[in-house]
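A look at the structure
Each chain, letter by letter, is given below.
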Amino acid sequence: MPHLPIGTSARRLVESVQKLERTLSGAGLPHFVSRMPVWWLCWQYCRMLDQKIARMKRIAHKFERWGPAIRRISPTAQEKMEMLDLDHSMRADIEFTKTTMLELRDYCEDIGRMFAQLGYESAGLKRRQTAFIEVLETSCALASYMQEALTRHDETVLALLRAEADATSAAAARA
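In this report, we go over the structure that sits alongside the text. (Residues numbered from 1 in each chain as written. Predicted model: local features only at pLDDT ≥ 70, side-chain atom pairs only at ≥ 80, totals over all residues. Heavy atoms only, no water.)

With that settled, the discussion passes to a positive patch on the surface. Taken together, the side chains of Arg55, Arg58, Lys62 and Arg65 define a basic patch exposed on the protein surface. Inspection of the secondary structure assignment puts Arg65 in helix 3 (residues 36–73). What makes Arg65 partly exposed here is its relative accessible area of 44%. (Patch = residues over 30% accessible without salt bridge, like charges linked within 9 Å, V, L, I, M, F, W, Y side chains within 5 Å. Areas by Shrake-Rupley, 256 points an atom, 1.4 Å probe, with all protein chains shown as cover. Salt bridge = Lys/Arg side-chain N within 4 Å of Asp/Glu carboxyl O. Lys, Arg positive; Asp, Glu negative; His and termini not counted. Charge placed at Lys NZ, Arg CZ, Asp CG, Glu CD. Helix = DSSP H or I, 4+ residues; strand = E, 2+ residues; numbered from the N terminus. Buried < 20%, exposed > 50% of the residue type's maximum accessible area, 1.4 Å probe, protein only.)

Enumeration according to the criterion identifies nine salt bridges in this entry. Glu148 is the partner of Arg152 in a salt bridge, and the nearest nitrogen-oxygen pair spans 3.8 Å. On the criterion of helical spacing, the pair formed by Arg152 and Glu148 is a turn pair, its members being four residues apart in helix 5 (residues 123–174). The exposure class assigned to Arg152 is partly exposed, which follows from its relative accessible area of 39%. Since its relative accessible area comes to 39%, Glu148 is described here as partly exposed. Connected via shared salt-bridge partners are Arg47, Asp50 and Arg128.

A word on the packing of helix 4 (residues 89–117) against helix 5. Two elements in contact, helix 4 and helix 5, have axes separated by 10 Å at closest approach and are oriented at 165°. The orientation of helix 4 with respect to helix 5, classified from their angle, is roughly antiparallel. Relative to helix 5, helix 4 is oriented so that their crossing is left-handed. (Axes fitted to C-alpha atoms, helices over the stretch in contact; angles between N-to-C directions. Parallel < 35°, antiparallel > 145°, perpendicular 65-115°, else oblique. Left-handed = near helix turned anticlockwise from the far one by under 90°.)

Before going further, it helps to examine a nonpolar patch on the surface. Taken together, the side chains of Phe32, Met36 and Trp39 present a nonpolar region at the surface, about 310 Å² in accessible area. Examined against the element boundaries, Phe32 turns out to sit in helix 2 (residues 31–34).

It is worth spelling out the packing of aromatic side chains at this point. In this structure the tally under the stated criterion is three aromatic pairs. Taking 6.4 Å as the distance between ring centres and 40° as the angle between the ring planes, the aromatic pair formed by Tyr45 and Phe115 counts as tilted. Separated by 70 residues along the polypeptide, Tyr45 in helix 3 and Phe115 in helix 4 bring together distant segments of the chain. Like Phe115, Tyr45 is buried. Plain terms: the ring middles of Phe63 and Trp66 are 6.2 Å apart, the flat faces sit at 80° to each other, and that makes the pair edge-to-face. Here Phe63 pairs with Trp66, and both are found in helix 3, just three residues apart, close to one helical turn. (Phe/Tyr/Trp six-rings, centres within 6.5 Å; stacked < 30°, edge-to-face > 60°.)

Let us look at the side chain of Gln129. When you line up the elements, Gln129 lands in helix 5. Overall, the relative accessible area of 11% leaves Gln129 in the buried class. A polar contact of 2.9 Å, which involves the side chain of Gln129, links it to the backbone oxygen of Cys108. (Polar contact = N/O pair within 3.5 Å; in protein donor to acceptor, adjacent residues only side chain to side chain.)

The residue Arg91 is located in helix 4 in this model. When neighbours within four sequence positions are excluded, Arg91 is seen to be in contact with Asp85, Gln147, Leu150, Thr151 and Asp154. (Contact = heavy atoms within 4.5 Å.)

Now for the nonpolar core. Ranked by internal contacts, the top residues of the largest apolar core, which has 32 residues, are Tyr45, Phe63, Met114, Phe115, Leu118, Leu125 and Phe132. For this core, the secondary-structure elements that each account for two or more residues are helix 1 (8–26), helix 3, helix 4 and helix 5. (Core = buried A, V, L, I, M, F, W, Y, C linked by side-chain atoms within 4.5 Å.)

Next comes the structure, spelled out in structure tokens:
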């Protein structure tokens, strides 16, 4: 069996499941019974993916709502200076969230390789992995959209503040 590049924890899990499968098979159990640990593991992972997909859809929905809200605020930016993100902490938090989502995508791909290494294929698992990766990519795109909206909002607010400061300086110079 070729050794595929998967994460350390997944590799240990593969080794444990393979050992259990060999033990069950060596005890004289039929092949379908000795494969039950792999089936159970896949079932567990599918349940976990279902939960993660639901959570990621909620996150994507929030990003989907917040981006346009920030864009609507921008024309009245002077009234909304409290949203000014000068230290970029909000954008940094969004970037951290995107990085985490990309790590989850990599982990999901590792799990797919793990099941391939175990010689197990599941249409349900593949569908869930595809759905999970799609919702992660959508969430990342919406997060980037939101970061852009924050940047444009901050630029608008800063331009208004500069214009005010310039007008105040000009008025003071004339006085």
